Structure formats: C-alpha cells, structure tokens
Amino acid sequence: MIKVEKINPASKAERDRFIRIPFKIYDNCPGWVPPILIDRKAQLNKKKHPFYEHSQADFFIAARNGEDLGCIAALENRRFNQHHEKRQAQFYLFDCIDDLDAASALLGSVYDWARGRGLNQVVGPKGFGPLDGYGIQVAGFEHRQMMTMMNYNHAYYAALLEKLGFRKEVDFISCYIDQRKFIIPERITRIAERVKKRGNLNVHQFKNKRELRQWAPRIGEAYNRAFINNWEYYPLTENEIDFVVENIMVIADPKLIKIITTKDGCVVGFLFGFHDISAALQRSKGKLFPLGIFDLLLERRRTNWISMNGTGILPAFQSIGGNALLYHEMYNTVKSGQFDHIDMPQVAETAVEMRRDLTNLGGKPYKNHRVFIKDL
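The structure presented is a predicted model; accordingly, all values stated were derived computationally and were not measured.

Scoring rules and cut-offs
- Residues numbered from 1 in each chain as written.
- Predicted model: local features only at pLDDT ≥ 70, side-chain atom pairs only at ≥ 80, totals over all residues.
- Heavy atoms only, no water.
- Pairing = 2+ DSSP bridges.
- Helix = DSSP H or I, 4+ residues; strand = E, 2+ residues; numbered from the N terminus.
- Axes fitted to C-alpha atoms, helices over the stretch in contact; angles between N-to-C directions.
- Contact = heavy atoms within 4.5 Å.
- 1 Å grid on protein atoms, 1.4 Å probe; cavity = no way out; pocket = protein on both sides within 12 Å on 5 of 7 lines; lining within 4 Å.
- Points joined across faces, edges and corners; volume = space filled by probe spheres on them.
- Nonpolar A, V, L, I, M, F, W, Y, C, P; charged D, E, K, R; others polar.
- Phe/Tyr/Trp six-rings, centres within 6.5 Å; stacked < 30°, edge-to-face > 60°.
- Buried < 20%, exposed > 50% of the residue type's maximum accessible area, 1.4 Å probe, protein only.
- Salt bridge = Lys/Arg side-chain N within 4 Å of Asp/Glu carboxyl O.

(A) How the structure looks around the sheet that holds strand 10 (residues 267–272). Spatial ordering of the open sheet is given by 8-9-10-13, a layout of 4 strands whose pairing is antiparallel. At either end of the open sheet lies a strand with only one pairing partner, and these are strand 8 (201–205) and strand 13 (311–313). If you compare each strand with its neighbour and ignore which way they point, the axes differ by 20 degrees on average. Across the face of the sheet, helix 7 (residues 209–226) comes into contact with strand 8, strand 9 (257–262), strand 10 and strand 13 while running at roughly 110 degrees to strand 10.

Here's what the structure looks like:
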C-alpha cells in the first residue's frame, strides 16, 4: 500500500530525505543535472525564502513498504492568483518512478491540499520564482539539462499526468543556435547603430558583481514592467528580486549581463547570459563546498555553451529600436570567442513575436516543456 507523508521541512532529516529522491530516480541518467543543493534547501526553508512572505507551500513523499517512490511540492502563489484573478494551486518538484498509483497518490495530496484552501485548479510544474523553470519536458531528452534553470524528467512523466486527467496549459519552447549560423539581419544592425548614435538608449556593461548588485533594484523594476503580459508573470517583491540576484551571483559572469538604459539611467531592457556549468554540477552532485565551487569556476572557462536565460525590453521602447539594440548586443556577446552553442530557454508559445525573432536569428526549437492543468 502506498502512503503519502507531508514532511516537516524544518527537520533536517525529513528535508534531506525529500531532496535525495530525485538522485535515486535519475541515478546514472546522463541528461539530468543535480540541483545546487543550497538552492534546493532554500526552497524548502519557510523562514528564509521570500516566496513564503506572501504565499504557502507544503511537501509530500510517497512511499511503499519503506521505499520512497516519489515527491511533490504543493504551492499557492497568492500574488500570482491575485494578479491574474485565479484560484490555482501549483505543483512543483514532482519526481516519481514509472508507477501510476504512486503518481496518483502524490497528485492526490495536492488536490486535497488545494481544495482545503478553496482553490479550483492545479497547474504545473511551476516553482517558487522566475529562475525555477516551467513544465514537464516532452521533447529533447537527448540533450543534457541546461544547468538547473530548466527542468528535466524521464519521458514517461507526461503520460502519467495525462492518464490522471491533466491537459496542456502552455508549452515553453527552447531554441538552439549554432554560433556559426547566428544571423543578425543587416537591418537590425543599422537600427542598433542608429539608436546608439542618437544616444536615447545606452548599453551598460558590468565590471564586477558589486556593481551588478547596486543596479539590482532598477533591474528588478524593469522586470516587473517588461513581462506584465506574460502567462507566468506576477509582480516580484523587493525581497524576491534581491533573492534572485543573490542566487545568480554564484554562477554569474558580470561580463555576460548587460542592461539598456535611458539617458537618465532608467533600466528599460536587460540581457542575461550564463556559462553552462551543468557538467560541473553533475560531477559535484550539486555540492558547491568544499571543492565544487572551484570546479564550477573552471567549467565557466571550459564550456562553449551559453544560456541566454533572461532577455526583455519594455514594450514602449521596442518600437524605437530597443529590440534591435537588444539582439545586436546578444550577437556581440555570443561572438566573444568562447561560445559555439547558444541556448535560448523556455519562451512561451504565446510569446509569438519573441519566437519569430529567434527564428530570424537562426534559432531552431530543440526542447519543449509543457505545463499541465487540471480542474478540481
């Protein structure tokens, strides 16, 4: 008989038991990249993670005869629900063996949790913040997970959810660009150069992490204004912005992060590039200390992959050359000499213009993550 337990994440033993389950399920799986353990522990820490300042989450494990079969998190993002006038629960951190009864037990715990809070839909996978990634992977399993900013799962996961009555909500498409085939149309270059010459918009590059931290509030404000029409959007709090910045500082190279500003220093666009350090995370099994951090820093120098995980510009500046300037700077970044491969992760299928732009730049879809939904 399958038993579902709600764990107490304040208990180190119970928290670590929850975190260990994916390591068992993906043992010797070449495509899976372990989470950075300090980040995963932070997600379960209700006293420190800023998500819990406005919302709730609980964590469940399914077991049979003393053997753990899977895990799941149930979330209520109140700021998202308020912004979109929804009554949704989210599920996240869902990992399970290929067993329909185990998956049903785990999702059943989420249904009960959601009904107890007056919620009428369950949607996911969808996490605690903008760097957590969305969806169940349904295509591109032959490619390694790009760090931990994008989910990876076994191919049977989607079938389990469909058998349990979930339907597609939205797909997030990731594109691959061969650096040699990265195309910037001449028209885009002309517009970008004209914008720079006029001086209405400027590109700011960062010298070090200290400077990046100083700009964080203005970047966060731009984020909250740039993605307001996106399916996944909700306004981040100041503490959530600070938390995201501190998280990316572990892996960020300030030279790969650029912002677009007006004359008076207002941030209206941003471009985040990250070295792919997934190979180092696999070797360290997600541990940064004591030696993992050094291998991670070495991998930043070795890798020839870059992930452009975060590009945006305020709608009001798109029609006056902002988009052209953004893509021109992306081109300059990836042509810096180190990178042969470019990953453009998780663009929602509803973002039609962005997907068209990526195609024009030479991008080809190579991964697909599907967010599922079920009415209660």
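Alright, that's what it looks like, and here's the rest.
(B) Just empty space enclosed by the protein, in detail. Counted by the stated rule, this structure contains 3 cavities of 30 Å³ or more. By volume, the second largest cavity is sized at about 50 Å³. As for the second largest cavity, its lining consists of Asn77, Gln90, Lys126, Gly127, Phe128, Gly129, Tyr134, Glu232 and Tyr234. When grouped by side-chain class, the residues that make up the lining of the second largest cavity number 3 nonpolar, 4 polar and 2 charged.

(C) Examining the packing of aromatic side chains more closely. Taken as a whole and assessed by the stated rule, the structure comprises 25 aromatic pairs. With centroids separated by 5.5 Å and ring planes inclined at 80 degrees, the aromatic side chains of Phe18 and Phe59 adopt a geometry described as edge-to-face. With a gap of 41 residues between them, Phe18 in helix 1 (residues 12–25) and Phe59 in strand 2 (residues 56–64) connect regions that are remote in the sequence. On the basis of relative accessibility, which here comes to 2%, the residue Phe18 falls in the buried class. Measuring from ring centre to ring centre gives 6.5 Å for Trp305 and Tyr366, while their planes differ by 25 degrees; the resulting arrangement is stacked. Note that Trp305 is positioned in strand 12 (residues 305–307) and Tyr366 in strand 15 (residues 364–375), a separation of 61 residues in sequence. On the basis of relative accessibility, which here comes to 22%, the residue Trp305 falls in the partly exposed class. By the ring-pair criterion, three or more aromatic residues cluster together here, those being Phe18, Phe51, Tyr52, Phe59, Tyr92 and Phe128.

(D) Structural view of the pattern of salt bridges. Within the structure shown, the criterion is met by 25 salt bridges. A salt bridge links Asp99 to Arg64; the nearest nitrogen and oxygen atoms lie 3.1 Å apart. Highlighted residues: Asp99 in the loop between strand 4 (88–96) and helix 4 (100–115) and Arg64 in strand 2, separated in sequence by 35 residues.

(E) Inspection of the pairing of strand 7 (residues 167–178) at higher detail. One ladder, built from 9 bridges, connects strand 7 with strand 15; its direction is antiparallel. Pairing of Val170 across the sheet is with Val371, part of strand 15. Looking at chain direction, strand 7 and strand 14 (residues 341–348) are connected through 6 bridges and run antiparallel. Residue pairing for strand 14: Phe172 is matched across the bridge by Ala348.

(F) Layout of unusual backbone geometry. Cis geometry is adopted by the peptide bond preceding Pro125, which originates at Gly124 and carries an omega value of -5 degrees. Relative to the helices and strands, Pro125 resides in the loop between strand 5 (121–124) and strand 6 (136–139). The peptide bond linking Phe289 to Pro290 adopts the cis configuration, its omega dihedral lying at 5 degrees. Relative to the elements of secondary structure, Pro290 occurs in the loop between helix 9 (278–284) and helix 10 (292–302). The phi dihedral of Glu85 falls on the positive side, at around 55 degrees, and the residue is not glycine. Its place among the elements puts Glu85 in the loop between helix 3 (78–84) and strand 4. In this model, Lys285 sits at a positive phi of 60 degrees, which is unusual for a non-glycine residue.

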